[in-house]
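Descriptive analysis of the structure
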Amino acid sequence: MKVTFEERDTVRSRRALVAGSVGNFIEWYEFGVYGYFATIIAARFFTPEGGSEAEALVKTYASFALAFFFRPVGAALFGRLGDRIGRRPVLILVIVLMTCATTLIGVLPTYATVGALAPWLLTFLRVLQGLSAGGEFGGAVSVMTEFAPPGKRGLYGSWQSFTVALGLLGGAGAAALLATVLTEDQLGDWGWRLPFLLTLPLGLGALWLRLRLDETPAFREVVERTSPPPREVARAVALGAARIMGWAAAGYTFLVVLPSYLQSTLNASFQQALIATVLANLGFAVTIVPAGLLSDRIGRRAVMLTGAVLVVVLAVPLLNLLQHAGTSHAGKGAAVFGAGAVVGLMAGPGPAMLAEMFPTTVRYTGLGLAYALSNAVFSGCAGLIITETVERTGNVDVPAYYAAATCAVSVLALLTLPARKAS
C-alpha cells in the first residue's frame, strides 16, 4: 500500500510530538520528585548535628534554585548548538545528560556517610540537571511547533506543558505510592531513592525515540543562516520571560512547593500534602491541551490573559480556603484543583506563543532562554522565597501574594501580544 506525502507528514509530526514530549516528562518528573521529597532530602543531605529542620529545608530549596539558575546557561549553550547543527543531535545529547545526572542522585551517599561532601555532590548533579533542562525546552518546543500542521502550533506546543503535568503527576504518584507501602523509616532510609533510579529506563526509552527523530523541515529549509541583531533578540527574550513569569511562579507555587508548605506551615501529613498536590496537578493537566487548542482559534493573548487575571483575583481566596479549619475536604480539593486549572490556561498556549516570537535561526536559543530565565528567577526561587519569608514574617498568605504579584506583571506583558488569531 502506497503512503502519501500527507500521511508521511502526519507520522513525522506525531513522532516529533512524542519524541519532544518524553524529555519534558522525565525532566519534570524528577523536579517534582525532588520537590515532593524536599523534607526527606533536607534531613539526609543538609542536616548535620545541631542543624534545624527549617534551616535544612531552606538549604534544600537553595540547591533546587541553583539548578534553575544553570538553566539559562544550558539554554544558551545547547540553544546555540541547536540553531547551528540542528534540533535532533542536541536533543539526543540533552536526554543522555539528564538521565545520567538524575539516576546518579538515586545512588548518592548521604551526610551520615560522607559528611559535608554529600550536599556538594547533590548540588553538582543538580547543576548538570539544570544545564540539560535548559537545553531541553527550546529544542522540544522547536521540534513540536516546527513539525506542527498549519494552524495547530498551539495544540502541538501545549503537549510540552501537558507532559510537564504528567511528569509532576508521575512524581507525585511515585511519592504517594512509596509513602503508602513503606514505613516512614524505610522511606527515609532508602525508599526516596527509587523514583530517581526509575529515570534510567525512562531515559533509555526517550533516547530510542529521539534517535528515530527526523530533523525539522523549518531548520532544513533555512538557506541563509543570518540572525537578527542581538539587541532585538535580547528584547524578545526579556518580553517572553515577562509574559510567562506568572505561569512559572504560580505553577511552581501551586504544583511543587505546595506539599512542603502544607506540611511545614499548616501541619498537614505527608500523605495529605501529596493528595493535594495530585489534585492541583490534575487540574493543571485538564486545562492545558484545551487551552492550546483554543488559542489556535481565538489567539494566544485572550487565553493566557484569562489565566493570569484569574490567578491575581483568586490566589488569596483559594489559599484561605486551605487554611480555614472549617473547610471540608471536598472544598479543599476543589481549591487546589482550581488553582492548577488556572495555571493550565497560561501553560497551554505558552510554548507556541514563545516559538512564534523568534525566527528559525534563533528559535531554539531565544525561546529556551526566555523560558529558562523566567523559571530560574520565579520557579527555582519560589520554594526558597516562600519558605524563608513565611519563616521570617509568620504570614501564611505569602504563597498567594507571590503568585498574584508575578501574574500581575504577566498581565501587563501579555497586553503587548497582538490580539489576533494565531497562524
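A short tour of the structure in this document, coming up. From a predicted model like this one, the values you see are computed outputs, not experimental measurements.

What follows is about the pattern of salt bridges. Counted by the stated rule, this structure contains 11 salt bridges. Put simply, Glu 27 and Arg 71 hold a salt bridge, and the shortest N to O gap is 2.7 Å. Residue Glu 27 is located in helix α1 (residues 5–36), and its partner Arg 71 is located in helix α4 (residues 71–85); the two are separated by 44 residues in the primary sequence. If you follow the salt bridges from partner to partner, you end up with Asp 83, Arg 87, Glu 146 and Arg 363 in one network.

How two helices sit against one another is set out by the angle between their axes and by the gap between those axes. Axis separation between α4 and helix α5 (residues 87–105) bottoms out at 7 Å; the angle between their running directions is 150°. What the angle tells us is that α4 and α5 run roughly antiparallel. Only Arg 87, Pro 89, Val 90, Leu 93, Val 94 and Leu 97 of α5 make contact with α4, whose side of the interface consists of Phe 78, Leu 81, Gly 82, Asp 83 and Ile 85. Its residues assigned to classes, the contact of α4 with α5 shows 8 nonpolar, 1 polar and 2 charged.

Next up on the list: a nonpolar patch on the surface. Together, Leu 104, Val 107, Trp 190, Leu 194 and Leu 197 make up a nonpolar patch on the protein surface, roughly 430 Å² of accessible area in all. Mapping Leu 104 onto the fold places it in helix α5.

Scoring rules and cut-offs
Residues numbered from 1 in each chain as written. Predicted model: local features only at pLDDT ≥ 70, side-chain atom pairs only at ≥ 80, totals over all residues. Heavy atoms only, no water. Salt bridge = Lys/Arg side-chain N within 4 Å of Asp/Glu carboxyl O. Helix = DSSP H or I, 4+ residues; strand = E, 2+ residues; numbered from the N terminus. Axes fitted to C-alpha atoms, helices over the stretch in contact; angles between N-to-C directions. Parallel < 35°, antiparallel > 145°, perpendicular 65-115°, else oblique. Contact = heavy atoms within 4.5 Å. Nonpolar A, V, L, I, M, F, W, Y, C, P; charged D, E, K, R; others polar. Patch = residues over 30% accessible without salt bridge, like charges linked within 9 Å, V, L, I, M, F, W, Y side chains within 5 Å. Areas by Shrake-Rupley, 256 points an atom, 1.4 Å probe, with all protein chains shown as cover.

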